[in-house]
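Each chain, letter by letter, is given below.
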Amino acid sequence: MGADTPTYTLNQVIVAALALGFPVAAWRLPLTSETLVYISFDEAQTVTQPHLENSAPGFLFSPFIVGEQVPVFIKAAIVYSSESRLITFDATVTEAQKQQFIVALETSQPVHYSWHQHASETIHQQTETGFKSAVAEAVKSINAGQMEKVVLSRTAAKPLPAAFDVVAAYSFILDTYPRAFVSLVSVPEVGTWLGASPEILVTIDPQKIFRTVALAGTQPAIDGEPVGNAIWRQKEIEEQGMVERYILSCFKKLRLREYTEVGPRTIVAGNLMHLRTDFSVDLKEVDFPTLGTDMLELLHPTSAVCGLPKEPALQFIKAHEGYNRSYYSGYLGPVNSEEGTHLYVNLRCMQLLQNEAILYAGAGITGESDAEKEWQETQHKMQTMGKVLSEF
Ligand SMILES: C=C(O[C@H]1C=CC=C(C(=O)O)[C@@H]1O)C(=O)O
């Protein structure tokens, strides 16, 4: 780096991208300190079926169900690292575009900007009564043998505090949830989402290790209590076992036997504890170049956000959940970045509108579920983002 190479703050970079109306994604991997930012000059590209292995570097943001919303890809035309504080441009960026961005970066404060808004006027929502009656219906359907598990979710709209600031909120999430995949995605027409996900969907790191996890079962974490002391009920053990079984069935479909399985272990995610089994495959030793793409296609939506068997659970959600999940419980993350490919499930997240935030959370329903307890569980999960709003 030359002595006069300009450096910038994360705030400057995000504000410049939003002021110019560009799609932007910022993220930080669990237990690391570097935030990377990708910004594209063009509209985010829509993607039909992601091909991870031959994709250009970028950030993928995919809904729960492809339909009303589409998966979008933010090409890494501008890359920023919070460690080096440097901006780099990819080879497709013209001199004029570079200048345009640098001028925006250096424009003196206050800069007029707003995060990108969802295209439609109405954001679908689910009420307490709606959620609880869907849970009661699900329990009946499970006990009638139509499925084993379904994940039902709901929303909560919270007013945005007057002092709310999107980059300050992202920074607060970084500090508060060091073990989470933290993200801020803002794309014209698609909207703006902040989150702290505990759940890997598919990752392939630079050492060519493929990973996925089976995450399920929830209870509040008690301050100071070692995770090893956690006691899990049969219901949670079975619920997590179903997610695990589903992942194993995906490996089986691909006739892949050379995976490592560790767990289930108790992990902490914010104010909660979950059961997690880790699966990995060393792609240096196993000749399966398309494993990432193939597993992504088979896994999403996993039984941690949809249910088991997948098809009846998905049909149940469509018929009874009563709202459109949009990008909640979809997946997001960098593809072919310098850190590799890291796709996480979009959980513990909120969508930012002009004056309010929509929080999303769900709970795995089995034959033993109680509607009130499942409602409480979604309240606890919403605390992850609720805490961020109460900071302002
Ligand atoms: C669906 C969510 O969490 C999933 C991940 C972990 C534990 C879960 C559970 O115990 O139900 C859910 O399957 C959510 O956070 O909205």
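Here's a quick rundown of the structure. Just so you know, these numbers come straight off a predicted model, no measurement behind them.

### Observations regarding the sheet that holds strand β10 (residues 191–197)
Working step 1: Spatially, the ten strands line up as an open sheet ordered β7-β6-β2-β1-β9-β10-β18-β19-β8-β15, and their pairing is antiparallel. Across the chains shown, the open sheet's two edge strands, defined by having one partner strand only, are β7 (87–89) and β15 (307–308).
Working step 2: The strands touched by helix α8 (residues 371–389) within the sheet are β8 (149–159), β10, β18 (349–352) and β19 (356–365), with β19 carrying the most contacts at an inclination of about 145 degrees.

### Topic: unusual backbone geometry
Working step 1: Omega for the peptide link from Gly263 to Pro264 comes to 5 degrees, which places this bond in the cis form.
Working step 2: In this structure, Pro309 follows Leu308 across a cis peptide bond, with omega equal to -15 degrees.
Working step 3: With respect to the secondary-structure elements, Pro309 resides in the loop between β15 and α7 (310–320).
Working step 4: In this structure, Leu31 takes a positive phi of about 55 degrees despite not being glycine.
Working step 5: One non-glycine residue with positive phi stands out, namely Asn336, at about 50 degrees.
Working step 6: Mapping Asn336 onto the fold places it in the loop between β16 (331–335) and β17 (341–345).
Working step 7: The partly exposed category is assigned to Asn336, around which 16 C-beta atoms lie within 10 Å.

### Some thoughts on the sheet that holds β16
Working step 1: Ordered in space as β3-β5-β4-β16-β17-β11-β12-β14-β13, the nine strands form an open sheet in which the pairing is antiparallel. The outermost strands of the open sheet, each flanked by one partner alone, are β3 (45–46) and β13 (260–269).
Working step 2: Lying over the sheet, helix α6 (residues 291–299) contacts β11 (200–204), β12 (209–220), β14 (272–282) and β17, oriented at roughly 175 degrees with respect to β11.

### So, the packing of helix α3 (residues 128–143) against α8
Working step 1: Closest axis-to-axis distance for the α3/α8 pair is 9 Å, and the angle between their directions is 125 degrees. With respect to α8, the element α3 is oriented oblique. When you trace α3 past α8, the crossing you get is right-handed. Contacts between α3 and α8 pair Glu128, Phe131, Lys132, Val135 and Ala136 from the former with Ala371, Glu374 and Trp375 from the latter.
Working step 2: Residue classes in the contact of α3 with α8 are distributed as five nonpolar, no polar and three charged.

### Observations concerning the nonpolar core
Working step 1: Ranked by size, the top nonpolar core spans 106 residues in total, and within it Val24, Val37, Val150, Leu152, Leu194 and Leu201 carry the most contacts.
Working step 2: The element that contributes the greatest number of residues to this core is β19, accounting for seven residues.
Working step 3: Excluding its chain neighbours within four sequence positions, the residues that come into contact with Leu201 are Thr212, Leu296, Leu299, His300, Tyr331, Leu343, Tyr344 and Val345.

### Describing the site of the ligand
Working step 1: Taken together, 17 residues lie around the ligand, and Thr218, Ala304, Leu347, Gly362 and Gly364 are the ones closest in.
Working step 2: If you list the elements that add at least two residues to the shell around the ligand, you get β8, β12 and β19.

### Considerations on the pairing of β14
Working step 1: Bridge count between β12 and β14: eleven bridges; the pairing is antiparallel. Within β14, the position partnered with Ala216 by the bridge is Leu275.
Working step 2: As defined by bridge partners, β13 adjoins β14 across eight bridges and the pair is classed as antiparallel. Directly across from Glu261, in β14, lies its bridge partner Phe279.
Working step 3: Linkage of β13 to β14, two consecutive antiparallel strands, is achieved through a turn of two residues, within which Gly270 is found at a positive phi near 60 degrees.

Cut-offs applied
Residues numbered from 1 in each chain as written. Predicted model: local features only at pLDDT ≥ 70, side-chain atom pairs only at ≥ 80, totals over all residues. Pairing = 2+ DSSP bridges. Helix = DSSP H or I, 4+ residues; strand = E, 2+ residues; numbered from the N terminus. Contact = placed C-beta atoms within 7 Å. Axes fitted to C-alpha atoms, helices over the stretch in contact; angles between N-to-C directions. Buried ≥ 20, exposed ≤ 12 C-beta atoms within 10 Å, placed from the backbone. Parallel < 35°, antiparallel > 145°, perpendicular 65-115°, else oblique. Left-handed = near helix turned anticlockwise from the far one by under 90°. Nonpolar A, V, L, I, M, F, W, Y, C, P; charged D, E, K, R; others polar. Core = buried A, V, L, I, M, F, W, Y, C linked by C-beta atoms within 7 Å. Near = placed C-beta within 6 Å.

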